[in-house]
Amino acid sequence: MAIITDPIADMFVRIKNAIARKYLEVTFPHSNKKEKILDIFVKEGYITSYEVVTSKQNFKEIKLTLKYKGMNQNISAITDIKRISKPGLKVYSSADKLPRVLSGFGTAIISTSKGLLTDKEARKANLGGEVIAFIW
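Here goes a summary of the coordinates provided. (Residues numbered from 1 in each chain as written. Predicted model: local features only at pLDDT ≥ 70, side-chain atom pairs only at ≥ 80, totals over all residues. Heavy atoms only, no water.)

Describing two packed helices takes the angle between their axes plus the distance from one axis to the other. Direction vectors running N to C along helix H1 (residues 7–20) and helix H2 (residues 32–44) enclose 45°, while the axes themselves pass 10 Å from each other. As far as their axial angle goes, H2 and H1 are oblique. The two elements H1 and H2 meet at a crossing, and its hand is right-handed. For the pair H1 and H2, contact is made by Pro 7, Ile 8, Met 11, Phe 12 and Ile 15 and by Lys 33, Lys 34, Ile 37, Leu 38 and Phe 41, respectively. (Axes fitted to C-alpha atoms, helices over the stretch in contact; angles between N-to-C directions. Helix = DSSP H or I, 4+ residues; strand = E, 2+ residues; numbered from the N terminus. Parallel < 35°, antiparallel > 145°, perpendicular 65-115°, else oblique. Left-handed = near helix turned anticlockwise from the far one by under 90°. Contact = heavy atoms within 4.5 Å.)

Structure follows, in structure tokens:
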């Protein structure tokens, strides 16, 4: 079994691969931080839902249901996900310099003192923090 040094990036890669293959669901190992990120994805309309399940080996996993739109339901709601802060290089931003993803059409996920927030919520609360990822 491989050691994953960046579980968040691994989750993003699994989601992007599932979208490329037009899968409806994708499963990956559970963590509380991943759950908080997925809460933002659901709230912002990028995915349909997710649930925490127990695998056959008694490990907790997250089963994610992807969201597709368009006439034939063949266009993913997620165009791309980009990991910004990595284990080897943390990226921080003050409240007045929070990034705007695609001029406001995308979402930045910020880890603040009040938990994980979108860039819009962090701006409204005047909070800076670690820039986790961009999604659009």
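After that view of the structure, there is still more to cover.
As a further point, take the sheet that holds strand S2 (residues 47–54). Reading across from one edge, S1-S3-S2 is the order of the three strands in this open sheet, with antiparallel pairing throughout. At either end of the open sheet lies a strand with only one pairing partner, and these are strand S1 (25–29) and S2. On average, each strand axis in the sheet is inclined to that of its neighbour by 25°, with strand direction left out of account. As judged from the five bridges shared by S1 and strand S3 (residues 60–66), these two strands associate in the antiparallel manner. Residue Glu 25 lies in a different strand from S3, and its bridge partner there is Thr 65. Relative to S2, H2 is tilted by about 155°, and along the sheet it contacts S1, S2 and S3. (Pairing = 2+ DSSP bridges.)

Our focus in this paragraph is the pairing of strand S10 (residues 129–135). Burial analysis of S10 places seven of its seven residues in the buried class, the great majority of the element. Inspection of the sheet shows strand S6 (residues 81–83) paired to S10 by three bridges, in the antiparallel sense. Bridge assignment links Lys 82 to a residue of S10, and that residue is Phe 134. The pairing of strand S7 (residues 92–93) with S10 spans two bridges and is antiparallel. Note that in S10 the partner of Ser 93 across the bridge is Gly 129. Two elements, strand S8 (residues 107–112) and S10, share five bridges in a ladder whose sense is antiparallel. What sits directly across from Ile 109, in S10, is Ala 133. (Buried < 20%, exposed > 50% of the residue type's maximum accessible area, 1.4 Å probe, protein only.)

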